[in-house]
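Chain by chain, the residues run as shown.
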Amino acid sequence: MKRTIFWRVSTALSPLALIAVSISPVLAKPAAAPAAAQVVPVNPQTAAAKAWNFAASDVPVDSNIVFGVLPNGMKYALLKNSTPKDSVVLRMRFDVGSFAEAEDQRGLAHFIEHMAFNGSTHVPEGEMIKLLERKGLAFGADTNASTGFDQTVYQLDLPNASDDLIDTGLMLMRETASELTIDPAAVDRERGVILSERRARDTYQLRNIVDQLGFQMKGMTVADRMPIGTEEVIRTAPASRLRDLYDRYYRPERATLVMVGDFDPAAVEAKIKARFADWQGRGPAGADPDIGTLDFKRPAAAESFVDPAIQDSVTIASFKPWVQEADTKAKRARKLAEDIGEAILSRRLAKIALDEDSPILAGYFSEADGWKVFDQVTVGAVAKEGAWTEALGLIERELRRAVQFGFTQAEVNEQIANRRTALKNAVAGVTTRRSDALADVLVDASEGDYVVVRPETSQGLFDAIAPQLSADAVSAAFRKRMEGFSPPLARVTAKTPVEGGDKAILAALDTARAVAVTPPAQAQSAAFAYDNFGTPGAIVSDDRIDDLGIRRIRFANNVMLNIKKTDFQKDKVYLSVRVDGGTLLATRDDPTKVALAGSLSLGGLEAHSLDDLRTIFAGKTVSPSFGMADIDAFGSKAITSPDDFAAQAELMAAYLTHPGYRADGLALIRRYLPQQYAANDATPGAVLARDSGGILANGDPREETPPLATMMSLDWSKLKAAVADSFDHGAIEIGVVGDIDEQAAIDAIAATFGALPERRAAFDPHSDARKRDYPVDHSERTLIHKGPADQAELRVYWPARDDSDLTEAMRLNLLSRVMQLMLTDELREKLGETYSPSAGASLSDEYPGYGWLVAASNVDYKDLATTRAAIFAIAKELRDKPVDADTLDRARKPLVEAMTKARRENAYWLAYVAEATSRADRLDRSRNGIAAVEAATPAELEALAKRYLVDDKALVIRAISDKAGK
């Protein structure tokens, strides 16, 4: 397992912030090459096998991966993979993070990450990003890095596999590895950027994590080594302290280079050897840091974290010493049984969360390992506001029930079915797995904790052990897994102080442990009730858009079906269902008329609850989702497989014809809303998200966030009346994109949506509802958040237009890209005020004439005035003179590359295919969008700036703390 620690809440409603995600090595660690060749055993005695730590394993490593290690100790892994086509992913990992820092270096591992973009032997300060932009890489999207407790990873996603780009990528990785100049003046210029990042990250979520680390990992340095560091060190540390950390830890024996993409591994391996073979460390090597240990005999303890914006939650965590063991077939077999038990416990908690009177919104069981020091298990839940006592008792009893009485065969069978399907899909899609995901797996594997295998190997190991996984076997494995852990550490997060403090939490835990538990009830599974929608629909029209490969069909009942078969992802099919209506049914007088529609799936079906559906469709690639598909449509999108496409279509059709409107779903929504609203003013971004929509729509209540009391008063009966006509008669358009036989898709839709009673032939234009007005009053607005005093965000909006004119829309997007570069250069590089300035164009395709350009920056409160002046100065510069050729090139090339890459993705095509009949005019955007960007001239962008970036039309919104200036 990866030596990181994580906390999560397994709910789609509101996941907690993560530090990192620990990836379980159980059987299905993805890796591969495009060929479905037989696995050939790799010689376990090679230097590479020993360096990558699969020499001692009996699990067959993926033979398509070229593993290597240079004489200087640098490891590398290369894999030819063609999804996306003609692209390459580079990752370089250094075995160093914030754990290696001395007290006067806290934050400097992350600081070095920043300095990698600020000057090296062969790339002057300020030129690395520009060099990559000229070659089509966008900063952030394609060029990035991250620093953790024990690693720093640099990433480049190359838009093509040319020798020039590969050579450039390798050159920059070598510059990062050994050639950083860390110039004192450059260090000083970067301090403000890092302080800006630290300021932006200073949220209640991060403070909660730091508090949790300090409580649970007492005796370790974790809580005192958050990668962002301390303000004092960032402000004052001399360049020599960065240099010390860099020279001691950026060394070949601590480095791993991973490349996955559309290239010849032998040719790239030669390039790596030529580029890195002469790399030697400077001076003495740094020792592995001492990060402390835990007292595994620590008595049971409790604590709470209080913040007005925090989710109410409860956790019970326990620890035991880490035991190192090789990744073997026997270990994977044991882990499979253990993981099935853990998944069942999480499933039970998820089921309880759906009970109408449940004290929890979501529950989970998780495991993690901490840097080869400890093994941790956690049972937790998001609690109903104020219900921590009941939630704590509930999770304690469910964990004890699982240990004492184990699991039922029905529960085990459900999990086995889910895993079998996941493995089947992985094998079917082996030739089209994504390069970035494969690269990330190889980076994780560089720590030597697991062997990277092909999906066929994982499937074979699973098939060998699955017949032995009886309820008794899984129960015994889980019971054994839970042996030897330390006394529990209970933790509560709440919006108000816990009455009685830590003693009250411990008392509640003791009370829960005194309650006897009973065996689990035997689950009952019913057959799906909605597999017959009538006589399959007859086709009345059938045509093709040849240049885009889209087939359009209309059934006799007027249901429209659009299909595009692709080979981008094997065994994956994207399905979109759009039913006329959506948020356009809301009115000024009744702005929350259909507000609950986005949560329809929680209400289940007339014959089945949402939990029933999870059981019924276990082992199928089917998702029970239906609600708000778009501004103008109800429905949903789903990703399924060719084998399960018909079942997915049946489920979506059932949601349309037999929605359940169940009380338990409404109760869950009402438990969730107070948690969501409590955080609506916690940060600058949150308060802007809450209020900016209404401001930009001139106070239109349909764009404002409704009061909590209004939302809590909504019920299914009002929604049912509001959507009845749309669900019964509204036009339906279905889009299908992916690896599916056209006739199979036609047959499935004919038997479901095509079999329904006649629908309206076209979507209602809803002309009266498509009116949004930009604010008449352009005076500056100030929003108040409740975060730290120095946190502020500034946004400047200029009214623009809709996106109906493709050429102008593309030019405005390009203009915003140019502004983004200029903002970065001025606010980040010159002024050092922020690490994340941004600019963009939001041009509506739903509301005629409505849209805007925006420039934004998260800044220190004291820098609001200078940031505001800089933004307006950039707007003036864009109005007053044409963009220089280099800046335009650096804006245009990444945009063109991103648009080109997007055309290789099913998700891109689904947006067009979903409306290929009702909005056929928009297909020209796919045909001509890239050409419009490529043809734009500096003079045309200047003309747009003169027309739109006008000072007296600008609307400034700033978000400041309620503590600002005090």
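Placed above this text is the structure.
Source: prediction; values computed, not measured.

Caption draft 1: Expanded view of the packing of aromatic side chains. For the structure shown, the criterion picks out 29 aromatic pairs. Consider the rings of F94 and Y154, whose centres lie 5.9 Å apart with planes at 85 degrees: the pair is edge-to-face. Taken together, the positions of F94 in strand β3 (residues 88-94) and Y154 in strand β5 (residues 152-158) put the pair 60 residues apart, joining distant regions of the chain. F94 gets classed as buried once you look at its relative accessible area, which sits at 0%. In this arrangement the basic side chain of K75 is found over the ring face of W52, its NZ or CZ atom lying 5.1 Å from the centre. Over the face of the ring belonging to W909 we find K564, whose NZ or CZ atom lies 4.4 Å from the ring centre.

Caption draft 2: The sheet that holds β5, seen in detail. Pairing is mixed in the open sheet, where six strands are placed in the order β1-β2-β6-β3-β5-β4. Every interior strand has two partners, whereas the edge strands, β1 (66-69) and β4 (143-147), have only one. Averaged over all adjacent pairs, the angle separating strand axes in this sheet is 10 degrees, with direction ignored. Note that β1 and strand β2 (residues 75-80) share four bridges and pair antiparallel. Directly across from F67, in β2, lies its bridge partner A77. The sheet strands contacting helix α9 (residues 265-276) are β1, β2, β3 and β6 (255-261), and the helix crosses β2 at an angle near 155 degrees.

Caption draft 3: View of the sheet that holds strand β16 (residues 627-630). Spatial strand order, β12-β13-β14-β18-β15-β17-β16: seven strands in an open sheet with mixed pairing. Here the strands that pair on one side only, and so sit at the sheet edges, are β12 (539-545) and β16. Across the sheet, the mean angle from the axis of one strand to that of its neighbour is 25 degrees, orientation sign disregarded. Sheet topology places strand β14 (residues 560-565) next to strand β18 (residues 732-738); six bridges connect them, and they run parallel. Looking at β18, one finds that M560 is bridged to E733. Running at roughly 20 degrees to strand β15 (residues 573-580), helix α18 (residues 645-657) makes contact with β15, β17 (633-640) and β18 of the sheet.

Caption draft 4: Region of the structure containing unusual backbone geometry. That bond from T83 to P84 is cis: its omega, 0 degrees, falls within 30 degrees of zero. You can see P84 is positioned in the loop between β2 and β3. A positive phi is found at D571, a non-glycine position, where the angle reads about 65 degrees. Locating D571 in the fold gives a position in the loop between β14 and β15. You can call D571 buried: its relative accessible area is 13%. One non-glycine residue, N698, lies in the positive phi region at around 60 degrees. Positionally, N698 belongs in the loop between α20 (684-696) and α21 (708-713).

Caption draft 5: Inspection of the pairing of strand β13 (residues 550-555) at higher detail. Taken across its six residues, β13 has five buried, putting it largely inside the fold. Where β12 meets β13, six bridges bridge the pair, whose relative direction is antiparallel. Across the sheet, I539 pairs through a bridge with F555, a residue of β13. Taken together, β12 and the strand that follows it, β13, pair antiparallel across an intervening segment of four residues, in which G549 is found at a positive phi of about 65 degrees. Sheet topology note: the β13/β14 ladder contains four bridges and is antiparallel. Its bridge partner being in β14, R554 is matched across the sheet by M560. Connecting the antiparallel pair β13 and β14 is a turn made up of four residues, with N558 showing a positive phi of about 80 degrees.

Rules used throughout
- Residues numbered from 1 in each chain as written.
- Predicted model: local features only at pLDDT ≥ 70, side-chain atom pairs only at ≥ 80, totals over all residues.
- Heavy atoms only, no water.
- Phe/Tyr/Trp six-rings, centres within 6.5 Å; stacked < 30°, edge-to-face > 60°.
- Helix = DSSP H or I, 4+ residues; strand = E, 2+ residues; numbered from the N terminus.
- Buried < 20%, exposed > 50% of the residue type's maximum accessible area, 1.4 Å probe, protein only.
- Lys NZ or Arg CZ within 6 Å of the ring centre and 35° of its normal.
- Pairing = 2+ DSSP bridges.
- Axes fitted to C-alpha atoms, helices over the stretch in contact; angles between N-to-C directions.
- Contact = heavy atoms within 4.5 Å.

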